[in-house]
Amino acid sequence: MDARTLDLTFAALADPTRRAILARLIEGEASVAELAEPFAMSQPAVSKHLKVLEKAGLISRGRDAQKRPCRIEGAALAEATGWLERYRRVWDANFNRLDDLLAELQAPPTAGDSRN
Amino acid sequence: MPPPAPLTISADGDTSVVIRRSFRAPPELVYDCWTVPALLRRWLLGPPGWSMPVCTVDARIGGTYRYEWTRDGGEKTMGLTGTFVALDRPSLLVSTELFDEDWTGGPAEVTIRLSRVSDGTDMVQTVRYSSREAREGALVSGMDAGLEAGFQRLDAIAAEHDA
């Protein structure tokens with residue numbers, strides 16, 4: 001992750017309201033009104049938070065001019081919090097084992113293996 | 001000898017995750033490692049500590065495969081069932097699969113393409129989830145519990161970053 005994205009991500013995640021918004025969006029997309037409800041916060045106030053999250057690439061907004069539902073960008077959030085790294089580590093371990101197995105399958109027979 | 005091209009994982013479009021890796025072996029051998037149970041259970045094991053006591057594969061179109069992994073002496077288990085939609089040794093495997101636990105709200109379609117290259121095989125594995133939410137769930141699964149831990153880790157990195 002480049003330095004600028006990292007800075008934007010830290011700023012986005014530093015706020016507990018924004019973290020709560022992200023936790024809600026993990027469960028599914030939501031409108032601004034739905035997101036504002038649990039905080040007894042005005043929609044403009046929520047929109048300010050959403051702008052910060054959107055700038056950091058952690059959420060995206062739908063195009064429907066009326067609704068613009070918010071959705072989480074799971075890959076970006078997972079990468080930021082290290083979860084994509086964990087997902088990747090599982091596959092990394094699998095493929096490292098596969099490398100070893102493939103090498104073993106291609107190794108020439110050692111003396112003493114052949115039977116006549 | 002230089003290592004094979006490294007693993008890359010990326011989100012693709014709204015519903016897919018693409019995994020790329022290359023291997024120092026011909027496509028036939030890599031294909032067999034994906035379809036022969038005795039070979040599969042040597043490597044498709046996930047995080048450390050898991051073994052694969054059940055691995056059956058019927059490698060035909062319409063055939064099914066069944067994997068069961070276990071950890072902690074059988075205390076924890078995970079199961080997966082898949083059905084082959086297309087097979088073309090050595091270059092293509094397409095299946096739909098679903099974990100018993102159904103973490104991803106529906107089956108995923110997995111396409112594995114193997115291409116022969118000068119020093120072995122290039123693999124592109126595409127996992128297409130049933131919906132955007134399913135993919136996001138798969139990428140961040142378990143994150144609710146780990147979200148705070150993840151944020152604390154970020155705080156720690158930020159502190160070093162500012163220092």
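Residues numbered from 1 in each chain as written. Chains lettered and ligands numbered in written order. Predicted model: local features only at pLDDT ≥ 70, side-chain atom pairs only at ≥ 80, totals over all residues. Heavy atoms only, no water.

A. Highlighting helix α2 (residues 16-26) of chain A. Residue and element names in this part refer to chain A. Within the sequence span of α2, burial applies to Thr 17, Arg 18, Arg 19, Ile 21, Leu 22 and Leu 25. Measuring from the side-chain oxygen of the N-cap residue of α2 to the backbone nitrogen of Thr 17 gives 2.8 Å; that N-cap residue is Asp 15. Looking at the residues trailing α2, positive phi occurs at Gly 28, about 150 degrees. (Buried < 20%, exposed > 50% of the residue type's maximum accessible area, 1.4 Å probe, protein only. Helix = DSSP H or I, 4+ residues; strand = E, 2+ residues; numbered from the N terminus. Polar contact = N/O pair within 3.5 Å; in protein donor to acceptor, adjacent residues only side chain to side chain.)

B. Expanded view of the confidence of the model for chain A. Per-residue confidence for chain A gives a mean pLDDT of 83, with 85% of residues at or over 70. Within chain A, helix α4 (residues 43-55) of chain A carries the highest mean pLDDT (93), whereas helix α5 (residues 74-80) of chain A carries the lowest (74). (pLDDT = per-residue confidence, 0-100.)

C. Inspection of the packing of α2(A) against α4(A) at higher detail. Residues and elements named next belong to chain A. Where α2 contacts α4, the two axes come as close as 10 Å, and the packing angle between them is 75 degrees. As judged from the angle between their axes, α2 and α4 are roughly perpendicular. On the side of α2, the interface is formed by Thr 17, Arg 18, Ile 21 and Leu 22, while α4 contributes His 49, Leu 50, Val 52 and Leu 53. Residues that form the contact of α2 with α4 fall into these classes: 5 nonpolar, 2 polar and 1 charged. (Axes fitted to C-alpha atoms, helices over the stretch in contact; angles between N-to-C directions. Parallel < 35°, antiparallel > 145°, perpendicular 65-115°, else oblique. Contact = heavy atoms within 4.5 Å. Nonpolar A, V, L, I, M, F, W, Y, C, P; charged D, E, K, R; others polar.)

D. Structural detail: unusual backbone geometry. Of note, the amide linkage connecting Arg89(B) to Pro90(B) takes the cis form, showing an omega dihedral of 5 degrees. Residue position: Pro90(B) is located in the loop between β5 (76-88) and β6 (92-99).

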